Amino acid sequence: GIVRQWQDHFFGSRHAATVYKKAPDFAKIAEAHGLQGLTVERPGELKEAFEAARKADTSVVVNVQVDPRANMYPLFVPGGGKAFGECRHLGGPA
């Protein structure tokens, strides 16, 4: 995720609280609280899950599984710029 990416780029890959052997199943946590939980494992499943969530008559948590090594671009620099940070391109897709 973004915090792990910041730790890689700005803090010498010193990871704290971002590396998990297995992420929680947020869909099951939602169901335990009386909500609907959906899990998306592949990009092709996103549209169907979001359409089901939109049509639901209750709150829905969509748990989207993402490769933990994936980076987000453009990267927002921690503490930089206005409001949500300054956009800065640090490699990756343009």
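Attention here is on the structure that accompanies the text. (Residues numbered from 1 in each chain as written. Predicted model: local features only at pLDDT ≥ 70, side-chain atom pairs only at ≥ 80, totals over all residues. Heavy atoms only, no water.)

Regarding its fold elements, the protein presents three helices and four strands. For the protein, the N- to C-terminal ordering of α and β elements is α-α-β-α-β-β-β. Counting all 94 residues of the protein, 16% fall into the buried class. Considering only contacts within the protein whose residues lie at least 6 apart along the sequence, 45% involve residues at least 24 apart. Here the protein has roughly 7,300 Å² of accessible surface; of this, 57% comes from carbon and sulfur atoms. (Helix = DSSP H or I, 4+ residues; strand = E, 2+ residues; numbered from the N terminus. Buried < 20%, exposed > 50% of the residue type's maximum accessible area, 1.4 Å probe, protein only. Contact = heavy atoms within 4.5 Å. Areas by Shrake-Rupley, 256 points an atom, 1.4 Å probe, with all protein chains shown as cover.)

All right, on to the pairing of strand E1 (residues 36–40) then. Here five bridges tie E1 to strand E2 (residues 60–64), and the two strands are oriented parallel to one another. Bridging across to E2, Val40 finds its partner in Val64. A crossover links E1 with its parallel partner E2, the connecting element being helix H3 (residues 46–55), and its sense is right-handed. (Pairing = 2+ DSSP bridges. Right-handed = clockwise from strand over helix to strand, strands pointing away.)

The residue Ser13 is located in the loop between helix H1 (2–10) and helix H2 (26–32) in this model. The contacts of Ser13, once residues within four sequence positions are left out, are Gln7 and Asp8. In this structure the side chain of Ser13 is engaged in a polar contact, spanning 3.4 Å, whose partner is the side chain of Asp8. (Polar contact = N/O pair within 3.5 Å; in protein donor to acceptor, adjacent residues only side chain to side chain.)

Function cannot be read off these values alone, since they describe shape.
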